[in-house]
Structures are given as structure tokens and as C-alpha cells.
Amino acid sequence: MPVQSIQLEPGNDDDRLELPGQPYAMALWNLIVRPPRRRYDLARLGPEEFRLWSVCVKRIDINLTNSRGMTLRCSHFLPRALAEGNPACDPGLEPRPVVIYLHQNASCRLEALNLVPLFLPLGISLFCLDFAGCGESDGEYISLGWFERDDLSDCVDYLRKTGKVSAIGLWGRSMGAVTALLHADRDHSIGGMVLDSPFCNLTTLATELAQSEYLAVKVPTWLLSGVMGLGRIRIRSLCGFDIEELKPEQHVGDSFIPALFVHGRGDDFIPPHHTEKLFAAYNGDKELEMVEGDHNSPRPNHLNRKAVLFFCRAFRCSPTPQANEDGNLARKLGLDTLGLDGSLDLPVMSRQLVLEAGKQLAISGSFPPVPGGGPAPAGAARPWLGDRHQLFIPFRAEGALQLCEPSAEAGFCVCLVPSPSDWAGVSRPPEVLIAYAAADGLHLARASERGREALAHAECQLDLSVPLLCVLELRPKPSRIRLALGTGGLEFEHTLREECDLEVFTWLWDSRRGEALFFDCAFSELMHPAGQDSSVHSGDQRPAGGHLEPPPLAGSGGGPRRSSQRGSTETISGGRRRSDPPPSTSVSVVVGGSAAAQQEAAGSSSSFCQSQ
């Protein structure tokens with residue numbers, strides 16, 4: 001079938017709506033079996049692993065083959081410990097409830113992302129899929145629930161075989177709600193259902209749509225029966241099902257699963273009387289919630305919270321975040337995790353909260369990883385953090401240091417706050433990166449409660465007999481991390497997994513596994529002319545070679561300082577805030593710079609400060 005495409009994101013051909021290219025006379029059955037198809041870039045699903053305040057989340061992407069031989073693209077968001085473990089072998093793990101989200105007819109699994117920060121802190125995983133004929137799954141047509149119930153059945157079978165789930169709930173909207181109803185009367189093990197805007201009878205709905213504003217030309221009453229007959233024949237030939245047999249109202253009498261019915265008062269695509277009729281005939285425990293909005297309106301936050309609490313009752317699980325969940329940063333700080341991860345409106349974080357969380361991660365994440373993810377060994381030296389500096393990207397920080405022992409590790413610790421996202425909400429915990437030099441080369445690691453998680457390593461035996469000039473750079477567009485040893489020497493780049501806010505905090509950092517000396521540090525603001533490539537060091541003229549005797553930096557005073565001695569009370573150095581929106585970020589660390597690097601820094605808008 002020929003299609004037309006509407007690009008949804010400039011410059012991204014993968015993010016688009018595909019519309020059928022048939023004449024408008026065919027529009028009635030297009031509304032039923034071939035509505036606009038939502039294509040998207042898979043990056044819209046977010047990173048495969050990310051942190052909420054009370055749990056680390058891992059996304060597992062699955063390709064399932066349905067009963068018709070089509071590939072279904074699916075994603076399962078789980079607590080990291082459950083995703084990486086096996087409840088059958090680990091007595092500390094147990095299967096947890098899961099909610100399967102079932103999207104609308106012209107939608108895809110992206111519709112479920114905003115539910116991740118509501119369910120995952122409670123230990124409830126979230127499974128979502130693109131139905132056949134939708135999103136990135138195979139297939140050309142949909143069936144408004146007729147074949148989709150078989151897709152759902154395949155997903156339920158898959159989840160039960162993983163051994164990671166206990167009770168299963170269904171949350172469907174429009175076509176997804178009908179799919180849940182058609183499945184429920186043949187699978188009474190489902191724990192609960194949220195049914196948002198289902199229709200009660202497809203023939204009734206098609207008749208209403210034929211005389212609605214959704215068609216360019218309404219079908220006259222005298223011609224309606226003929227058009228409906230033609231549509232029935234056409235849909236049966238294209239899709240293999242009879243619209244006369246798609247009657248959810250005939251299934252609700254045999255369903256006894258607890259159900260929460262939802263409908264928008266202003267819905268003129270599937271009018272509210274459809275849900276009201278289904279609700280009246282439903283035999284199980286039931287609730288009805290009418291909300292403001294139309295068929296496609298975002299549901300209010302209070303409705304989403306009510307639905308989550310409904311599932312908690314149906315699953316007989318606690319509506320408070322899991323106390324012993326892997327990656328529970330909020331618990332370590334003694335915070336209200338439900339208020340943080342469950343916030344759907346405005347960020348509730350303060351700068352002090354971000355800093356405290358960042359320091360906790362920096363300390364726990366400075367230790368090498370412990371097998372099994374346990375705490376650092378008793379008696380292990382705590383890392384040293386220098387004065388805190390508040391900065392705004394893009395910027396450069398330069399620090400002169402010397403590694404005095406082969407076991408020494410020293411460099412910078414950076415605290416960034418990921419930008420609000422669909423998959424993690426608006427109140428994001430900080431991301432802490434450690435960029436450092438060691439005897440075996442350059443390293444980049446992510447700090448976590450499990451210890452350092454290595455991101456990149458450029459191997460090289462550094463000469464410990466001479467000082468090093470470490471340069472840390474954060475640059476936007478594209479978000480990348482570049483580490484280099486001098487010009488033309490050892491280097492690598494690493495892409496950050498998420499975009500971050502403009503404001504960042506940095507510390508000088510020493511693991512204290514060996515003696516290291518810090519001399520001075522300097523900070524300079526980096527500005528780029530409009531349209532200039534932001535490649536790191538694109539204009540630097542540095543001599544080859546990595547190790548140079550660093551001259552005193554501008555604004556320096558005094559000799560070297562040993563990082564094993566704690567400094568004075570931390571202070572925030574001034575930074576100038578700009579009014580432009582935060583770009584995505586990159587980090588660049590260079591070990592072994594030259595005086596040219598310092599002259600470049602001095603020539604830009606700079607503020608210098610000495611580490612205490």
C-alpha cells in the first residue's frame with residue numbers, strides 16, 4: 001500500500017507518522033484497520049540502564065514471533081537486580097508483579113514510558129510492545145483487538161516463562177483496552193486491569209464514525225447500510241476478521257478480574273456511553289473514573305496515581321517503594337522516595353539534595369567494583385574530594401597533579417543531573433562520572449553504589465616521575481566524552497547515555513589507593529561561534545608527547561598539596577548562568593598538556609581558583 005510520511009522531529013527520518021495513501025473514499029476502513037502508523041527512532045526508548053532515586057532500572061528489548069509469524073518489538077523495564085539475577089537460583093530475589101501496557105490504535109510502546117517512574121520504585125516491572133501493524137513491529141494492518149489479543153497472549157506466555165514475574169496486570173487504552181477485555185475472559189489468572197476508553201461493539205462504533213467529523217465527507221443515513229456492508233467485506237479481505245464479531249460487550253459477562261474503567265468526558269471518537277455500557281455489564285469487582293479530556297488527551301496525574309494504587313491492591317503489594325531495592329539512593333539519604341520518583345508535575349529537588357546525592361555516589365563509586373555488588377571492604381580508605389565548584393557548560397578545568405605511586409589514581413569527579421525524560425520523570429538523581437589518570441593510562445568510570453563502573457580505558461604506561469596536566473572539558477552537541485594523552489597520542493571518545501542540565505558540579509578527586517599530589521586548578525569558560533563544530537581541541541596546537549613540567553597556573557599560590565589531607569569547608573565558585581536552554585554534554589580529559597593549553601585558557605573568559 002502506498003503511504004505518505006509526516007516527519008515529527010526535524011532532521012530525524014525515523015520519527016514520523018505514516019498515513020495510508022488511498023483515496024478518501026476508503027477512509028472509513030482506514031480508521032479501523034490502517035490508521036496513521038507511529039514510526040520512531042529506537043533511541044526514544046531511552047538508555048538501556050538508568051537510575052531513579054529509589055531503584056536502578058534496566059530495559060530488556062525482546063523480539064517475539066506471534067501466532068501469525070510476525071515479529072513483535074517489545075521492551076521490559078525491570079529493577080536491575082531482577083533483570084540481572086535469577087529468582088530460581090538466588091534466594092534473595094523473588095518474582096515480582098508486572099503490568100503489560102497496551103497502546104492505542106495509532107500509537108506504539110512509547111506511550112508507556114511515563115509509567116516507568118511510577119511502577120519501578122514499587123518493585124513492579126513494566127512490559128510494553130508494538131502490536132502487529134504498529135510502531136516497529138511487523139504487519140500492515142491492525143484489527144482493534146481481534147488479533148491483538150493473540151499478541152497479548154504470546155507476551156503473557158513469554159513473561160511467565162522468564163521466572164521473573166508473579167502477578168500480571170493489564171493497562172490498555174482504546175484498542176489496548178479492548179484487547180485486554182477480549183483476553184480476560186479466557187485467562188482468569190490476570191491480577192487486574194485498567195481499561196481506558198474501550199468500545200463495546202465495533203459495528204456500532206463504525207456506524208458512529210461514518211457520520212462523524214473524522215471523515216472528510218459524512219456518509220448519508222440512506223447510504224449507511226451499503227457502506228457498512230462494503231466496509232465489512234473490504235476489511236475481511238484485507239485483515240481476515242469480521243467486524244460483526246468484534247463485540248467486547250459479549251465478553252464482559254465472563255470476566256471476573258478486578259477492573260478500573262476510565263473514559264474522557266469530551267471523547268467524540270469513542271463516546272463515553274461505550275465504557276458506561278461495558279462497566280454496567282461487567283461481572284467482576286469494578287470502578288469507573290470519568291476524567292476531563294478527549295480520546296487522545298494525556299491523562300491527569302491523579303488518574304495515573306489512582307491506577308497505580310489500584311494495581312497495588314490487586315497485586316496485594318505495598319504502595320511504598322521497596323526498602324531493600326538495588327540502587328536505592330534515596331533510602332541512603334533518608335528521603336521520601338515516593339515523593340521523588342512519583343513526581344509527575346514539577347521537579348522537587350533542591351541543589352543541596354543533588355549535591356548530597358552526588359557526594360554519596362562519588363564516595364561509594366570511588367571503590368573498585370566488589371564481586372556480587374556488595375559494599376566496599378571494611379577499612380578501605382575513603383576517597384578524597386577537593387573543593388566543590390559550580391560550573392556551566394561548556395567549560396574547561398585544568399589541574400596539575402603527580403602520581404607518586406603505581407597504585408595512585410587522581411583526576412576529576414563530575415556531578416551532572418540528567419534532563420527530564422519520558423522514561424525517568426522530572427526529578428532525576430545525579431549522574432556522577434570519574435575521569436582520572438592511573439599508572440596504566442586514562443580511565444572514565446560511572447560512580448554507583450556498587451563501586452566504579454568502567455566506561456572507557458585508554459591503556460598506556462604513564463611516566464610517574466614527572467607531573468601531569470589534567471584537562472577536563474564538557475562540551476555539547478554531540479554529547480561525547482573524549483580522553484586524550486597529549487596531541488596525536490593515546491585517546492578515545494565515549495558518548496554519554498543521556499543529555500544533562502546546564503549546571504554541573506566538579507571536585508578534584510583522589511581514590512587514596514596510593515599517594516598523589518595536586519598543585520593548582522583553573523577553570524575557563526568555553527564559547528563557540530554559531531555553527532562552529534564543537535569537536536574537542538579542534539584548534540589546539542599542542543606539541544606531541546604527554547608529560548611536561550607544568551608551570552604555575554594563573555592565580556596559583558603555594559606548592560603542591562597532598563590529597564590525603566582533607567581540605568577546608570567546601571565552597572561554590574561563582575559561575576555565570578546563561579539564558580539559553582541546556583545543551584547535551586560531553587566530557588574531555590587530557591593528561592599531559594603544555595603551556596599552550598594554559599595560554600589558551602588564559603585567553604578565554606576565565607576564573608581561576610586554587611584547590612584547598
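Treat the numbers as computed from the prediction; the structure is a model and nothing was measured. (Residues numbered from 1 in each chain as written. Predicted model: local features only at pLDDT ≥ 70, side-chain atom pairs only at ≥ 80, totals over all residues. Heavy atoms only, no water.)

## Quick word on the overall build of the protein chain
Thinking step 1. When you go through the protein chain residue by residue, the secondary structure sums to 13 helices and 27 strands.
Thinking step 2. Here the protein chain holds 612 residues, and the buried ones make up 58% of them.
Thinking step 3. Sequence separation of at least 24 residues holds for 75% of the intrachain contacts in the protein chain that already meet a minimum separation of 6. (Helix = DSSP H or I, 4+ residues; strand = E, 2+ residues; numbered from the N terminus. Buried < 20%, exposed > 50% of the residue type's maximum accessible area, 1.4 Å probe, protein only. Contact = heavy atoms within 4.5 Å.)

## Some words on the packing of aromatic side chains
Thinking step 1. One pass over the structure, following the stated rule, counts 13 aromatic pairs.
Thinking step 2. A ring pair is formed by phenylalanine 119 and tryptophan 171, whose centres lie 6.1 Å apart and whose planes are at 85°; its orientation type is edge-to-face. One end of the pair, phenylalanine 119, is in helix H3 (residues 116-119); the other, tryptophan 171, is in strand E9 (residues 165-173), and 52 residues separate them in sequence. An identical accessibility class is assigned to phenylalanine 119 and tryptophan 171; each is buried.
Thinking step 3. Taking 6.2 Å as the distance between ring centres and 40° as the angle between the ring planes, the aromatic pair formed by phenylalanine 127 and tyrosine 158 counts as tilted. In this pair, phenylalanine 127 sits in strand E8 (residues 125-129) while tyrosine 158 sits in helix H4 (residues 148-162), placing the two residues 31 residues apart along the sequence.
Thinking step 4. The class of phenylalanine 127 is buried, set by a relative accessible area of 0%.
Thinking step 5. Note on tyrosine 158: relative accessible area 24%, which makes it partly exposed.
Thinking step 6. Among the aromatic residues, those joined into a cluster by ring pairs are Tyr101, Phe119, Trp171, Phe310, Phe311 and Phe315.
Thinking step 7. The ring of tryptophan 146 carries the charged tip of arginine 149 above its face, separated from the ring centre by 4.5 Å.
Thinking step 8. Taking the ring centre of phenylalanine 279 as reference, the NZ or CZ of lysine 286 above it sits at 4.9 Å. (Phe/Tyr/Trp six-rings, centres within 6.5 Å; stacked < 30°, edge-to-face > 60°. Lys NZ or Arg CZ within 6 Å of the ring centre and 35° of its normal.)

## Digging into the confidence of the model for the protein chain
Thinking step 1. Per-residue confidence for the protein chain gives a mean pLDDT of 80, with 75% of residues at or over 70.
Thinking step 2. Contacts of residues 529-558 to residues separated by more than four positions or lying in other chains number 66 contacts, the stretch itself having pLDDT below 50. (pLDDT = per-residue confidence, 0-100.)

## Points about the sheet that holds strand E7 (residues 96-102)
Remark on secondary structure: sheet strands pair via backbone hydrogen bonds, oriented parallel or antiparallel.
Thinking step 1. With respect to topology, nine strands assemble into an open sheet ordered E4-E5-E6-E8-E7-E9-E10-E11-E12, the strand pairing being mixed. Two strands lie at the open edges of the sheet, namely strand E4 (49-51) and strand E12 (286-291), each paired on one side alone. Averaged over all pairs of adjacent strands, the angle between strand axes in this sheet comes to 20°, irrespective of strand direction.
Thinking step 2. The pairing of E7 with E8 spans four bridges and is parallel. Note that in E8 the partner of tyrosine 101 across the bridge is cysteine 128. (Pairing = 2+ DSSP bridges. Axes fitted to C-alpha atoms, helices over the stretch in contact; angles between N-to-C directions.)

## Here we look at unusual backbone geometry
Thinking step 1. Between isoleucine 393 and the following residue, proline 394, the backbone shows a cis peptide bond with an omega angle of 0°.
Thinking step 2. If you trace the backbone, proline 394 turns up in the loop between strand E14 (389-392) and strand E15 (395-403).
Thinking step 3. Unlike most non-glycine residues, arginine 316 shows phi in positive territory, near 55°.
Thinking step 4. Relative to the elements of secondary structure, arginine 316 occurs in the loop between helix H9 (301-315) and helix H10 (329-333).
Thinking step 5. Its identity is not glycine, yet arginine 512 carries a phi of approximately 60°, on the positive side.
Thinking step 6. For arginine 512, the position within the fold is in the loop between strand E23 (503-510) and strand E24 (516-525).
Thinking step 7. Arginine 512 sits in the partly exposed class, given a relative accessible area of 32%.

## Focus: the pattern of salt bridges
Thinking step 1. The final tally for this structure, using the stated rule, is 26 salt bridges.
Thinking step 2. Measuring nitrogen to oxygen at the nearest pair gives 3.2 Å for the salt bridge that ties aspartate 150 to arginine 186. Taken together, the residues span a long stretch of sequence, with aspartate 150 in helix H4 and arginine 186 in the loop between helix H5 (175-184) and strand E10 (192-196) at a distance of 36 residues.
Thinking step 3. Overlapping salt bridges, with partners in common, bring together Arg396, Glu398, Glu473 and Arg475 in one network. (Salt bridge = Lys/Arg side-chain N within 4 Å of Asp/Glu carboxyl O.)

## A closer look at H9
Thinking step 1. Helix length check: H9 (15 residues) gives 21 Å between terminal C-alpha atoms against 21 Å at 1.5 Å per residue, within 8%.
Thinking step 2. For H9, the complete set of buried residues consists of Leu303, Asn304, Ala307, Val308, Phe310, Phe311, Cys312, Ala314 and Phe315.
Thinking step 3. Looking at the buried positions of H9, the neighbouring elements they touch are E7, H3, E9, E10, strand E11 (259-264) and E12.
Thinking step 4. Immediately downstream of H9, the backbone of arginine 316 shows phi near 55°, a positive value. (Expected span 1.5 Å × (residues − 1).)

## Here we look at the environment of glycine 411
Thinking step 1. Along the chain, glycine 411 falls in strand E16 (residues 409-416).
Thinking step 2. You can call glycine 411 buried: its relative accessible area is 2%.
Thinking step 3. In this structure, the C-alpha to C-alpha distance between glycine 411 and leucine 401, residues ten residues apart in sequence, is 8.1 Å.
Thinking step 4. Other than its neighbours up to four places away in sequence, glycine 411 contacts Leu401, Ala435, Tyr436, Trp507, Leu508, Trp509 and Phe518.

## Looking at H5
Residues lying three or four places apart along an α-helix face the same way, a consequence of the helix completing one turn every 3.6 residues.
Thinking step 1. With ten of ten residues buried, H5 lies mostly within the body of the structure.
Thinking step 2. Among all positions of H5, only Met175, Gly176, Ala177, Val178, Thr179, Ala180, Leu181, Leu182, His183 and Ala184 are buried.
Thinking step 3. Buried residues along H5 sit against E7, H4, E9, E10 and helix H8 (273-281).

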